[in-house]
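Working through the structure, step by step
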Amino acid sequence: MSIPSVQHNIGSKTVSPARRLREIITASGLARVMAAHSPLSALLAQEAGFDGVWASGFELSALYGLPDASLVTMSQHLDMTRAIAARTSIPIVADLDTGFGNAVNLFHAIEEYERAGVAALVVEDKTFPKMTSLVTDGRQELVRTAEFQGKIAAARDARKNPDLVIIARTEALIAGLGLDEALSRAAAYVVAGADMILVHSKRKTPDEVESFVRAWTQPVPLVIVPTSYPAMDEARIRSLGKIGMTIYGNHAVRAAVAAMRDVFARIRRDGGAHQVQDLIAPVEEIFRLQRMDELAAREKAYLR
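Residue numbers restart at each chain and count upward from 1, following the sequence in its written direction. At least 70 in pLDDT is required for a residue's local features to be given in this predicted model, at least 80 for side-chain atom pairs to be given and counted, and no such filter applies to totals for whole chains, interfaces and linings, which use all residues. Only hydrogens and water are set aside when side-chain values are computed; all heavy atoms of the structure are taken into account.

Another aspect to go through is the packing of aromatic side chains. By convention, a stacked pair of Phe, Tyr or Trp rings (six-membered ring in the case of Trp) has centres within 6.5 Å and planes under 30 degrees apart, an edge-to-face pair has planes over 60 apart, and any other such pair is tilted. The final tally for this structure, using the stated rule, is 4 aromatic pairs. On the basis of an interplanar angle of 65 degrees and a centroid distance of 6.1 Å, the ring pair of Phe-50 and Tyr-248 is categorised as edge-to-face. Residue Phe-50 is found in the loop between helix 2 (39-47) and strand 2 (52-55), and its partner Tyr-248 is found in strand 8 (residues 243-248); the two are separated by 198 residues along the sequence. Counting from the N terminus, the helices are DSSP H or I runs at least four residues long and the strands are E runs at least two residues long.

Rendered as structure tokens:
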């Protein structure tokens with residue numbers, strides 16, 4: 001599986017993150033991408049062997065204690081993305097939600113995120129401000145297909161590196177509009193210039209997404225986010241043959257919340273931290289992730 005490439009010449013021999021992501025998908029058939037909300041969580045995803053990092057709007061919103069409803073600003077999300085790029089070497093897939101406004105806003109966002117070093121960007125066809133997809137009875141309003149085509153065209157025209165992967169995300173299944181509408185919208189987004197299509201579902205089983213994949217006939221690979229249907233494991237994903245990326249969209253922050261809640265409760269219950277030492281990382285592990293050895297070496301070399 002591969003993403004159709006744009007013919008181009010790049011003077012530098014350095015392989016861009018976007019090119020690396022395309023090569024991963026072509027070589028392995030499936031890029032495995034883990035969510036992150038900080039450089040630390042991104043480093044842990046990299047060390048775990050994931051192919052890429054999902055700079056998640058949901059996770060960043062949760063980090064601020066806010067709903068995922070376009071309350072976190074582009075500046076906040078962009079700062080997080082830059083910080084992740086500075087501390088990791090695997091490709092970053094940036095979650096741009098609805099593009100922070102209309103097509104003109106998205107054009108500006110593409111320029112900024114590409115400058116930050118991302119490999120791919122995901123934009124969804126909801127109205128701005130959005131409501132998070134998986135909440136029960138949430139407002140799920142979609143823009144007109146033609147309007148979103150304009151956004152994809154703006155993203156395509158804004159990118160400087162034609163390898164930058166533009167992923168169009170349709171929320172038609174989330175909005176309850178059915179398979180035919182989801183397929184129609186996704187095909188229109190390919191015409192507008194999308195390199196990949198992300199199809200999202202909140203069903204508890206993979207059936208809805210699998211139906212979409214089987215019906216998909218366009219020449220670009222698909223992206224899925226198996227959050228609500230975790231039974232769709234890698235073997236099942238690969239068997240469908242049309243999915244080029246799977247994103248574990250909120251597992252980092254959910255794991256962190258579960259672990260912190262457990263440790264905090266134990267310390268309160270036990271009247272101290274004496275029972276939790278085996279449950280938490282040693283301070284030396286945090287030092288390693290912080291690269292304290294590099295700091296010590298610089299102090300020794302430069303401080304006179």
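This part covers the layout of surface pockets. In this structure, the largest pocket occupies an estimated 650 Å³ of space. Forming the boundary of the largest pocket are 25 residues, of which Leu-40, Leu-44, Ala-256, Ala-259 and Met-260 lie nearest the centre. Among the secondary structure elements, those contributing two or more residues to the lining of the largest pocket are strand 1 (31-36), helix 2, helix 3 (57-63), helix 10 (251-270) and helix 11 (283-290). Sort the elements by how many residues they give to the lining of the largest pocket and helix 10 lands first, with 9 residues. Its residues placed into classes, the lining of the largest pocket shows 20 nonpolar, 4 polar and 1 charged. Using a grid of 1 Å spacing that covers the protein atoms alone, one calls a set of points a cavity when a 1.4 Å probe fits there but cannot get out, and a pocket when the set is open and has protein on both sides within 12 Å along at least five of seven lines; lining residues are those with an atom within 4 Å of a point. Grid points are joined across faces, edges and corners, and a volume is the space filled by probe spheres set on the points. For this classification, Asp, Glu, Lys and Arg are treated as charged, while Ala, Val, Leu, Ile, Met, Phe, Trp, Tyr, Cys and Pro are nonpolar and the rest, including Gly, are polar.

A few words on the nonpolar core. For the purposes of this section, nonpolar cores are sets of buried Ala, Val, Leu, Ile, Met, Phe, Trp, Tyr and Cys residues that join through side-chain atoms within 4.5 Å. Partly exposed residues are those whose accessible area sits between 20% and 50% of the maximum for their type, while under 20% is buried and over 50% is exposed, using a 1.4 Å probe and protein chains only. Of all hydrophobic cores here, the largest spans 60 residues; its most connected members are Leu-96, Tyr-113, Ile-197, Trp-216 and Ile-243. Top element by residues in this core is helix 7 (residues 179-192). It accounts for 7 residues. Contacts between residues were defined by any pair of non-hydrogen atoms, one from each residue, lying within 4.5 Å. Setting aside residues up to four positions removed in sequence, Tyr-113 forms contacts with Met-74, His-77, Leu-78, Thr-81, Ala-94, Leu-96, Phe-100, Val-118 and Leu-121. Grouped together as the second largest cluster of nonpolar side chains are 20 residues, Trp-54, Val-93, Val-165 and Ile-167 included.

Let us look at helix 10. Expected span of a helix, by definition, is 1.5 Å for each gap between consecutive residues, and there is one gap fewer than residues. End to end, helix 10 covers 28 Å across 20 residues, agreeing with the expected 28 Å (1.5 Å per residue, within 8%). Those residues of helix 10 not exposed but buried are Ala-252, Val-253 and Val-263. For helix 10, the angular spread of the buried residues around the axis is 105 degrees, confining them to a single face. Projecting away from the buried face of helix 10 at angles above 90 degrees are the exposed residues Arg-261, Arg-268 and Arg-269. Looking at the buried positions of helix 10, the neighbouring elements they touch are strand 1 and helix 3. Downstream of helix 10 by one or two residues, Gly-271 has phi in the positive range, about 70 degrees. Regarding the arc, it is the one traced by the directions from the helix axis to the C-beta atoms.

All we've got here are geometric facts, nothing functional implied.
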